Amino acid sequence: MGWIGETVDSIKSIQIRQALTQAVSLGMIVTSALIIWKALMCITGSESPVVVVLSGSMEPGFKRGDILFLHMSKDPIRAGEIVVFNVDGREIPIVHRVIKVHERQDTGEVDVLTKGDNNYGDDRLLYANGQLWLQRHHIMGRAVGFLPYVGWVTIIMTEKPIIKYILIGALGLLVITSKD
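Residues numbered from 1 in each chain as written. Predicted model: local features only at pLDDT ≥ 70, side-chain atom pairs only at ≥ 80, totals over all residues. Heavy atoms only, no water.

## What to know about the overall build of the chain
Along its length, the chain carries four helices and six strands. The C-alpha atoms of the chain give 22 Å as radius of gyration, which overshoots the globular expectation for 180 residues (16 Å, by more than 25%). Referenced to the eigenvectors of the C-alpha coordinate spread, the extents of the chain come out at roughly 75 × 30 × 30 Å. By the burial criterion, 27% of the 180 residues in the chain qualify as buried. By sequence separation, contacts in the chain at least 24 residues apart represent 56% of the contacts at least 6 residues apart. Averaging the coordinates of the 18 positive side-chain charges in the chain and doing the same for the 18 negative ones gives two points 2 Å apart. (Helix = DSSP H or I, 4+ residues; strand = E, 2+ residues; numbered from the N terminus. Rg over C-alpha atoms; globule rule 2.2 N^0.38 Å. Buried < 20%, exposed > 50% of the residue type's maximum accessible area, 1.4 Å probe, protein only. Contact = heavy atoms within 4.5 Å. Lys, Arg positive; Asp, Glu negative; His and termini not counted. Charge placed at Lys NZ, Arg CZ, Asp CG, Glu CD.)

## Details of the domain arrangement of the chain
For the chain, the assigned domains read domain 1 (1-44) and domain 2 (51-153). Spacing between the C-alpha centres of domain 1 and domain 2 amounts to 37 Å. (Domains from an automatic or database assignment.)

## Quick notes on the packing of aromatic side chains
The full count for this structure, using the stated rule, is two aromatic pairs. Ring centres of phenylalanine 85 and tyrosine 127 lie 6.1 Å apart, and the angle between their planes is 80°; on these two criteria the pair is classed as edge-to-face. Separated by 42 residues along the polypeptide, phenylalanine 85 in strand β3 (residues 82-85) and tyrosine 127 in the loop between β5 (110-115) and β6 (139-147) bring together distant segments of the chain. Both residues of the pair, phenylalanine 85 and tyrosine 127, count as buried. The aromatic ring of tryptophan 133 is capped on one face by arginine 124, whose charged end is 5.1 Å from the ring centroid. (Phe/Tyr/Trp six-rings, centres within 6.5 Å; stacked < 30°, edge-to-face > 60°. Lys NZ or Arg CZ within 6 Å of the ring centre and 35° of its normal.)

## Digging into the pattern of salt bridges
Using the criterion set out here, one finds three salt bridges in the structure. Arginine 64 serves as the salt-bridge partner of glutamate 159, at 2.3 Å between the closest nitrogen and oxygen. Note that glutamate 159 is positioned in helix α3 (residues 152-159) and arginine 64 in the loop between β1 (50-52) and β2 (67-71), a separation of 95 residues in sequence. Residue arginine 64 is classed as partly exposed on the basis of its relative accessible area of 25%. A salt bridge links glutamate 81 to arginine 142, with the nearest nitrogen and oxygen atoms 3.1 Å apart. Of the two residues, glutamate 81 is situated in the loop between β2 and β3 and arginine 142 in strand β6; the sequence distance between them amounts to 61 residues. Classification of glutamate 81 by relative accessible area gives partly exposed; the value is 25%. (Salt bridge = Lys/Arg side-chain N within 4 Å of Asp/Glu carboxyl O.)

Set out below in structure tokens:
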């Protein structure tokens, strides 16, 4: 039977205690990842401290597949900064550069206008209908660093879900059949 037969025999021979140990180990790994993510959220002040660039709108500075590290401080946002923002009605955040800053005289709050470095016009067409500026609550964070190309793993698994399912299945099989 070969490898498949050995795998089936291995699954059959798993004892309850070993299965529980493996389930607890898997649970600890998932819990640790969530704790690390929440800690990064607290440290950076951003609801999403790490994002993947999904388009070429910021080339040549950031390419599709780059991972950006975000930080959100109380300092006012200034022209030239690269920000990640959410627009009402869109679920995927956008990475673009601030090109104009408008300070409201009555409240002192700062509104911003953004543009992708590789785009011809500003982002007003991307904003919600009738919206001309982004307010602070739209901004998820400022880009403070990046890792080139590492985000391609996420892009590939999103665009080709079969790869994600194969990977999850292979990891699950590895966990089930491991002897330690």
